[in-house]
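Examining the three-dimensional arrangement
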Number of protein chains: 2
Amino acid sequence: MNLQNLWKEYSKVIIKTGVNLQENQILVVQAPIESREFVHVISETAYEMGAKEVIIRWSDEILIKQKFKYCSIETLQEIPQHFIDFYIDYKNKKAAFLSLVGEDPELLKKVDPKKIKSSIEAKSIALKEYYQSLMGDEISWNVAAVSIPSWAKAVFPELDEKEAQYRLWKEILDASRIEEENSVELWKTHIQNLKDHADYLNAMEFKRFHYTNKQGTDLTIDFPEGHIWRAGYGITKDGIEFVANIPTEEVYTLPHKKGINGIVYSSKPFNYAGNIIDEFYLKIKDGKIVEAKAKKGEEILNQLIHTDKGSMYFGEVALVPFDSPISNRNLLFYNTLFDENASCHLAIGKAYPTCLKDSEDKTVEELEELGVNDSIVHEDFMIGTKDLNIDGIRKNGEIIPVFRNGNWA
Amino acid sequence: MNLQNLWKEYSKVIIKTGVNLQENQILVVQAPIESREFVHVISETAYEMGAKEVIIRWSDEILIKQKFKYCSIETLQEIPQHFIDFYIDYKNKKAAFLSLVGEDPELLKKVDPKKIKSSIEAKSIALKEYYQSLMGDEISWNVAAVSIPSWAKAVFPELDEKEAQYRLWKEILDASRIEEENSVELWKTHIQNLKDHADYLNAMEFKRFHYTNKQGTDLTIDFPEGHIWRAGYGITKDGIEFVANIPTEEVYTLPHKKGINGIVYSSKPFNYAGNIIDEFYLKIKDGKIVEAKAKKGEEILNQLIHTDKGSMYFGEVALVPFDSPISNRNLLFYNTLFDENASCHLAIGKAYPTCLKDSEDKTVEELEELGVNDSIVHEDFMIGTKDLNIDGIRKNGEIIPVFRNGNWA
C-alpha cells in the first residue's frame, strides 16, 4: 500500500466530495496533532482546489488528559468568548468545516464523569449556534477519520504502535472506499446507490417501523408527517452538495419525538466522551427513555441521557445493512463514524430539521410541535444485528418487510 | 544525557524562573508542533505548580509555508477579531505568556518579501496592545527555545535529522544553564551576577558610548536622561519578578532615539522573518538609518527598516561579553534568542519603556519626546566582535573603558 498516494486520493474525496470546497472558500480543519502528516496533505489539496485559506485547530490527547486531571469543574466550564467567536466568524464567512477524528476510545476512562458532563455541556451550549448551522446544513461540513496511535492500539492491541497505526490507516481508507485512482468518481456512484434506497423509502410513505430480533429488541418507531429519508449528501442554503460523513453507508430520517415505544438493545460498544458504553438496553415510552441499563459505562450513559430535556428523546433513525463493506470487515472500530456505518442505529438527542419537509423557516418550538426533537447532544448508537427484522407499516396500513436478517428485504 | 530529566529541570526553570507562574494563574504557551513531547512536560510542570489552566497554540512550519505559497497578500493581511481577542482576553485575565521558539532559519527564503512584510505588519498592528503589555512588563512572559528538526539541520547540517535534533537539544539546555538538578537555584545566582553589572553601569551614569572595532564599526550612542540598565528579570505591575528570556546573558538599556551616529557592522547572521540577513552594515545619522547594505538578504533588511517610522530608529543597546558561555560554544544558532546572548547587540525598532525612569504613566508621544522610540517591530542584531572596544563617557566628561577586546573592561 502506497500510503502517500492513497492519502492524496482520500484528501481529494474529503475536499471534493466531502465538504465540496468552492473556489476562494475558507476551510477550517480540526485534527488530532498525531495526524499532522496527513493534515499537510489535506491542506495542500484544499489549496490546490482553490481554498482561500486553510485554518487548522489541533487537538492533543495528552493535553486533554492533563486538563481533565488538573482543572476544576469551574475551569472546565469556562468557555471564552473568543473561542465561540472563532466558529461564528468562520460560519459567517461561509467557511467549510472539516473534522478529522481519531481518538483513544477510553481517553477519559479514569476521569470523574461529572467533569466530563460539565465540560461537554458547557461547550455544547456555547457552540449551539454553530452546531445548529451544521445540523441545519447552512454550511458544508464533513467528518472523516485519521489513524492515530492510541486509537490504533485499541483496535489492534496485538500489534505494536507503528504497525497498528499503519493497519488502521489501511482499514480507514478501505472502509472509506478509497482506491489508487478515481475515488471521487467511485463516490458518485456510491452516493447514487444510497440515494436510490432513500427514494424507495420516501415513495413508500411509511408511518411506522417495527424492529425485532432475538437479542430482545422489540421497538416501534413512528415517523412524523412530512419526514424525509436522506442519504449521502446534504445541500447547503447556497445550493452546494456535500457529504457530511466519510464513510457513509446509511439512509436516515427522524422519528416522531413522542412516537417510540418498546425496548432496544445495543449491538456494539458505543464510544462517548472518551468512555466505552457496552451491552446496554433502553426502555422507551412515548419517545422518552424511561430505563437505561449497561454492563459497562452505565454512569456515563445516564449522564448522556440526562444532559437536557431533549437527551431523553431520539433524533435519528438510520438503516445500514448488516452486510455493508464496513460491517463485513468484522472489526470493532470503537469509533462511531465507522461503527454507525456498519449497523442500523438510532441517535439520542437532536434531530436533523432537514429531514422534515418545509422546516427551513420554523422555530425550534414549532419544530418540536411537529415531532422534531431538540437537544444539545446528538449521539448515534448501534442496534443492528444479523437477525434484525424491520417491518414497515404504510399510511394505508399495508405491512412491508424493510429489513430481513439484518439486510434490505 | 537523560533528556527527560533535563527537560523536567528546564521546564521548572521556565515556569518558576521564567514566567514565575503563580498559583491559579493561566499559562498560555505558543510552541512548534514538533516540540510536542517537551510541551507535555512544560504543561504538566505548570499544572504541578498550580496553573489554573494551560492553553497551547501550536505553530506548524509546513502549514506556514503553504499559507505563504498559496494565500494572497489580502488574505495574509486579514487578522480576524477573535484572534486578537484571544491575546487580549488572556492578558486581561493576567495569564503568563510563554513562547517556545524553534524554527527553520530560512523557512520563508523563497517567499515574496512583500507577502512577508504585509503579513508581519498586519499581525504586529493587530496585536499592538498585547505586545505593548509584554514590553511594558504588565504581565509576565518568557521566550525559551526548543529543538525542532528543521532548525537542528540548519545548525548541524552534517548530522542526520534525529541526531541533529538531539544535539541541538543538548546545546539549548547547556546554553540555558540547565543542570541535572538545582537549576532554579543556579539561575538565581546567575541573575544576581547580571544584576551586578547593571548596577555598576547605572552607578556610572554614562551619557554616551563609543564603539570601535577593526571591522569598521565606529559608532556613538547617547542615552536619554533617566535611562536604566537592566538585566535578567523584570517586575510586573503586580510585583511578580520574571525572566523574559532563557537564556539571558545581556545587560541592556535604551538609546536616545536621536542620539546615534556613525556606522555599525553586523558580526553574525541575523535571522528575521524566515530569512537570513548577513554581512551588513548600517549608517546612522541622528538616530536614523540612512544607509543599509547587506551581502545577503538586503531586500528583507530594507523591508524591516521601512516597516514604519520607528523602524528606522533604535530601541535597545545590549552588552554581552564575547567570552560568554553561549559565545564560547562557537556555534551559530541562526536564532536571535541565542545569538543575541552571545554578542553585544542593538535592536531596530521599539524601545522598552521600562528602561526609562518614571515611564509608567506617560503616553507614547510623551515618551518619544524623551527619546524613547516606538515601532511595531523590535529586532535584535549582533555587533559584538572579539576586538570590540567600548568607551563610556560619563556626565562629568570622564572617559571610562567599558569593553576591551570584546569583554568587560
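This section reports on the structure supplied with the text.

Reading the values: rules and limits
Residues numbered from 1 in each chain as written. Chains lettered and ligands numbered in written order. Predicted model: local features only at pLDDT ≥ 70, side-chain atom pairs only at ≥ 80, totals over all residues. Heavy atoms only, no water. Helix = DSSP H or I, 4+ residues; strand = E, 2+ residues; numbered from the N terminus. Rg over C-alpha atoms; globule rule 2.2 N^0.38 Å. Buried < 20%, exposed > 50% of the residue type's maximum accessible area, 1.4 Å probe, protein only. Axes fitted to C-alpha atoms, helices over the stretch in contact; angles between N-to-C directions. Parallel < 35°, antiparallel > 145°, perpendicular 65-115°, else oblique. Left-handed = near helix turned anticlockwise from the far one by under 90°. Contact = heavy atoms within 4.5 Å. Nonpolar A, V, L, I, M, F, W, Y, C, P; charged D, E, K, R; others polar. Least-squares fit on C-alpha atoms with pLDDT ≥ 70 in both. Phe/Tyr/Trp six-rings, centres within 6.5 Å; stacked < 30°, edge-to-face > 60°. Pairing = 2+ DSSP bridges.

Re the overall build of chain A
Along its length, chain A carries 14 helices and 20 strands. For 409 residues, the compact-globule formula gives about 22 Å, and the C-alpha radius of gyration of chain A, at 20 Å, lands near that figure. Across its three principal directions, the C-alpha atoms of chain A cover 55 × 50 × 50 Å. When the 409 residues of chain A are sorted by exposure, 61% land in the buried category.

Points about the packing of helix α6 (residues 113–126) of chain B against helix α11 (residues 298–305) of chain B
Residue and element names in this part refer to chain B. For the pair α6 and α11, interaxial distance at closest approach is 10 Å and the crossing angle is 25 degrees. Considered as vectors, α6 and α11 are oriented roughly parallel to each other. The two elements α6 and α11 meet at a crossing, and its hand is right-handed. Residues Pro 113, Lys 114, Ile 116 and Lys 117 of α6 form the contact with α11, whose own contacting residues are Glu 299, Ile 300 and Gln 303. For the contact of α6 with α11, the residue count by class is three nonpolar, one polar and three charged.

Thoughts on the packing of helix α5 (residues 81–92) of chain B against helix α7 (residues 128–135) of chain B
Residue and element names in this part refer to chain B. Packing of α5 against α7 brings their axes to within 9 Å, and their N-to-C directions diverge by 35 degrees. Seen along the crossing, α5 lies across α7 with a hand that is left-handed. From α5, Tyr 87, Ile 88 and Lys 91 reach across to α7, where they touch Glu 129, Tyr 130 and Ser 133. Split into classes, the residues belonging to the contact of α5 with α7 amount to three nonpolar, one polar and two charged.

Some thoughts on the relation of the copies chain B and chain A
Aligned on chain A, chain B shows an RMSD of 0.0 Å; the corresponding rotation is 180 degrees and the shift along the axis is 0.0 Å. The relationship between the two copies is best expressed as a two-fold rotation axis. The C-alpha atom lying nearest the rotation axis in chain B is that of His82(B); the distance is 2.5 Å. Most of the interface of chain B is mirrored in chain A: 100% of its interface residues are interface residues there too.

Focus on the packing of aromatic side chains
Overall, the coordinates contain 57 aromatic pairs over all chains when judged by the stated rule. The interplanar angle of 85 degrees and the centroid separation of 6.2 Å between the aromatic rings of Tyr10(A) and Trp169(A) together place this pair among those described as edge-to-face. Of the two residues, Tyr10(A) is situated in helix α1 (residues 3–18) and Trp169(A) in helix α9 (residues 161–175); the sequence distance between them amounts to 159 residues. On the numbers, 6.5 Å between centres and 25 degrees between planes, the contact of Tyr87(B) with Phe97(B) is stacked.

With respect to the sheet that holds strand β17 (residues 378–382) of chain B
Residues and elements named next belong to chain B. With respect to topology, five strands assemble into an open sheet ordered β7-β10-β15-β16-β17, the strand pairing being antiparallel. With partners counted over all chains shown, the strands left at the sheet margins are β7 (230–231) and β17, one partner each. Pairing of strand β16 (residues 345–349) with β17 involves five bridges; the strand directions are antiparallel. Bridge pairing links His 345 to Met 382 in β17.

Thoughts on the sheet that holds strand β4 (residues 141–145) of chain A
Strand pairing in a sheet takes place through backbone hydrogen bonds and is either antiparallel or parallel in direction. Residues and elements named next belong to chain A. The four strands lie next to each other as β2-β1-β3-β4, forming an open sheet whose pairing is parallel. Looking at strand neighbours, the two that pair on one side only are β2 (53–59) and β4, the edges of this open sheet. Each neighbouring strand pair of the sheet contributes to a mean axis angle of 15 degrees, computed without reference to strand direction. Where strand β3 (residues 96–101) lies against β4, five bridges are found, and the strand directions are parallel. Bridge pairing links Val 101 to Ala 145 in β4. Lying on the sheet, helix α2 (residues 36–48) is in contact with β1 (26–32), β2 and β3; it crosses β2 at an angle near 160 degrees.

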